[in-house]
Amino acid sequence: MSDSKSGTGAGSARFGIDLGGTKIEGVALGPGDVELSRHRRPTPRDDYPQTITTIAAIIAALEADTGLRGSIGIGMPGSLSPRTRLVQNANSTWLNGRPFDRDLEARLARPVRLANDANCFALSEAADGAAAGARTVFGVILGTGCGGGLVHNGGIVDGPRGIGGEWGHNPLPWAGAGEHPGPACWCGRAGCMETWVSGPGLAADHARATGESLTVEEIARRAGLQNMAAQDTLERHASRLARGLAAMVNAFDPDVIVLGGGLSQLPHLYVQLPALMAPHIFADRAEVVIRPPRWGDASGARGAARLWD
Ligand SMILES: [Zn+2]
């Protein structure tokens, strides 16, 4: 991205909101992308009006802290359909079918730019994060869902359907025994990448294999203590993630892949994924660059603020 801040049109601050499945985070970026303020609140699940109200409250808090009326960018699950201007594909399903941009603009009394949360993550990490300077960046969110965003030459790759980089509802490629048709997905399909490689997908896989319902954190902790069942679960998960990512590398050959979301904190992924992916990559140069995020959880909100760059 350039350093140009033209187009903010709203003073010297840019506000970014990251609307997640469990929390809504807001950040105010000042000149030079200095973080001026940050606020976080729980996501009012299954409550669309309260979601709007919570975002408005965070914006009000950012304005109170900074004394500035900033531009507003929102990173959200799913996207606005370019055809209907209604939300599609959000795993926070209470947003789907809603005129989210118009409702926010009415409440906040200014123009609002929205983009998919994984696109905002990829934009932030490509601009001044783990993939700064790379030409093509695939940003992957592995959290309550599985998202993806593609940035090329500093800009989000979007398209006529608004789904550029979305890979979470592709089927698991090179499926082996016991992997087809795969778990049912909220989207109506079965065996989507999200059902395997998201946090809930990993936990559900462990439960199917062992009968134990554990959090991802607990599974990772037990694996670190040489618990065989937990190690097997992480091994299956890494294999599936590697296959899914390899198929995306074959599609658009990114310079850098940056992992985000809660599962990006699993250190073994950065060690294991390149070798697990290599056999599936259709090139004589099969190594891939996979990095943890520079900004971590903050990247979603920072990237949303950058929608006004
Ligand atoms: Zn799906």
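Scope of this entry: the structure provided in the associated data block. (Residues numbered from 1 in each chain as written. Predicted model: local features only at pLDDT ≥ 70, side-chain atom pairs only at ≥ 80, totals over all residues. Heavy atoms only, no water.)

## Comments concerning the environment of R243
Short version of the rule: Helix and strand assignments follow DSSP, with helices taken as H or I runs no shorter than four residues and strands as E runs no shorter than two, numbered in order from the N terminus. By the convention used here, residues are in contact when the closest approach between their heavy atoms is within 4.5 Å.
Residue placement: R243 occurs in helix α7 (residues 228-252). For the pair R243 and D309, spaced 66 residues apart in sequence, the C-alpha to C-alpha distance is 34 Å. Discounting chain neighbours no more than four positions away, the residues touching R243 are L172, P173, W174, A175, G176, E179 and H280.

## Focus on helix α3 (residues 117-128)
Put simply, the test is: The span expected for a helix works out to 1.5 Å for each residue beyond the first. Using a 1.4 Å probe on the protein chains alone, a residue whose accessible area is under 20% of its type maximum counts as buried, one over 50% counts as exposed, and one in between counts as partly exposed. Each polar contact in these results corresponds to two N or O atoms within 3.5 Å; when the atoms are within protein, one needs to be able to donate a hydrogen and the other to accept it, and residues that are neighboring in sequence are counted only if both atoms are side-chain atoms.
With twelve residues, α3 should reach 16 Å at 1.5 Å per residue; the first-to-last C-alpha distance of 17 Å fits that figure. Here α3 lies mainly inside the structure; twelve of its twelve residues are buried. Looking only at α3, the buried set comprises D117, A118, N119, C120, F121, A122, L123, S124, E125, A126, A127 and D128. With a side-chain oxygen positioned 3.0 Å from the backbone nitrogen of A118, the residue opening α3 is N116.

## Some details on unusual backbone geometry
Trans is the prevailing form of peptide bonds, just as negative phi is the prevailing case for residues other than glycine. Backbone torsion omega between H180 and P181 reads 5°, so that peptide bond is classified as cis. As for its placement among the helices and strands, P181 is situated in the loop between β10 (155-156) and α4 (193-197). Phi is positive for N89, which is not a glycine, with a value near 70°. Note that N89 resides in the loop between β6 (87-88) and α2 (100-108).

## Quick word on the coordination of the zinc ion
Where we set the bar: In this description, a donor is an N, O or S atom within 2.8 Å of the metal centre, a cutoff extended to 3.2 Å for sodium, potassium and calcium. Water is not part of the atom list, which can make sites seem incomplete. Geometry is assigned from the angles between donors: four donors with all angles from 85 to 135 degrees make a tetrahedral site, four or six donors whose opposite pairs exceed 155 degrees while the rest stay between 65 and 115 make square planar or octahedral sites respectively, and everything else is labelled irregular.
Taken together, the protein donors to the zinc ion comprise H169 (ND1), C185 (SG), C187 (SG) and C192 (SG), at separations of 2.0 to 2.3 Å. Here the zinc ion is ringed by four donor atoms whose angles at the metal span 106 to 114°, and the overall shape comes out tetrahedral. In terms of primary sequence, the donors binding the zinc ion are separated according to H-x15-C-x1-C-x4-C. Residue class for C185 comes out buried when judged on its relative accessible area of 10%. Classification of C192 as buried rests on a relative accessible area of 1%.

## Looking at the packing of aromatic side chains
For clarity, the cut-off: Put simply, two rings from Phe, Tyr or Trp (the six-membered ring, in Trp's case) pair if the centres are within 6.5 Å, and we call them stacked under 30 degrees between planes, edge-to-face over 60, tilted for the rest. Put simply, a charge is over a ring when the Lys NZ or the Arg CZ is close to the ring centre, within 6 Å, and near the line of the ring normal, within 35 degrees.
Following the criterion strictly, the structure yields three aromatic pairs and no others. Residues F138 and W167 carry aromatic rings whose centres are separated by 6.0 Å and whose planes lie at 75° to one another, so their mutual orientation is edge-to-face. Residue F138 is found in strand β8 (residues 136-142), and its partner W167 is found in the loop between β10 and α4; the two are separated by 29 residues along the sequence. Per residue, the accessibility class of F138 equals that of W167, and both read buried. Centre to centre, the rings of F138 and F252 are 5.3 Å apart; their planes meet at 70°, and the pair counts as edge-to-face. Taken together, the residues span a long stretch of sequence, with F138 in strand β8 and F252 in helix α7 at a distance of 114 residues. When its relative accessible area of 23% is taken as the criterion, F252 is described as partly exposed. Ring pairing ties together the aromatic residues F138, W167 and F252, which thus form one cluster. The lysine or arginine in question, R302, covers the ring of W295, its NZ or CZ lying 3.7 Å from the ring centre.

## Focus on the sheet that holds strand β3 (residues 35-42)
The line we're drawing: Note on pairing: two strands pair once DSSP finds at least 2 bridges between them. The angle between two axes is taken between their N-to-C directions and runs from 0 to 180 degrees, where each axis is a line fitted to C-alpha atoms and a helix contributes only its stretch in contact.
Strand order in the open sheet formed by five strands is β3-β2-β1-β4-β7, and the pairing between neighbours is mixed. In this open sheet, the two edge strands, each paired with only one partner strand, are β3 and β7 (112-116). Ignoring strand direction, the axes of neighbouring strands in this sheet form an average angle of 15°. Across seven bridges, the pairing between strand β2 (residues 23-29) and β3 is antiparallel. Pairing of I24 across the sheet is with R41, part of β3. On the sheet, α3 packs against β1 (14-19), β4 (71-76) and β7 and is oriented at approximately 95° with respect to β7.

## Some thoughts on the pattern of salt bridges
Note the following rule: Here, a salt bridge means any side-chain nitrogen of Lys or Arg that lies within 4 Å of a carboxyl oxygen of Asp or Glu.
This model, assessed by the stated rule, comprises 23 salt bridges. Salt-bridge contacts for D309 lead to R14; the nearest nitrogen and oxygen are separated by 2.2 Å. Here the residue D309 occupies a position in the segment after α9 (298-305), and R14 occupies one in strand β1, the gap between them amounting to 295 residues. Here D309 falls in the partly exposed class, since its relative accessible area comes to 22%. Residue R14 is classed as buried on the basis of its relative accessible area of 2%.

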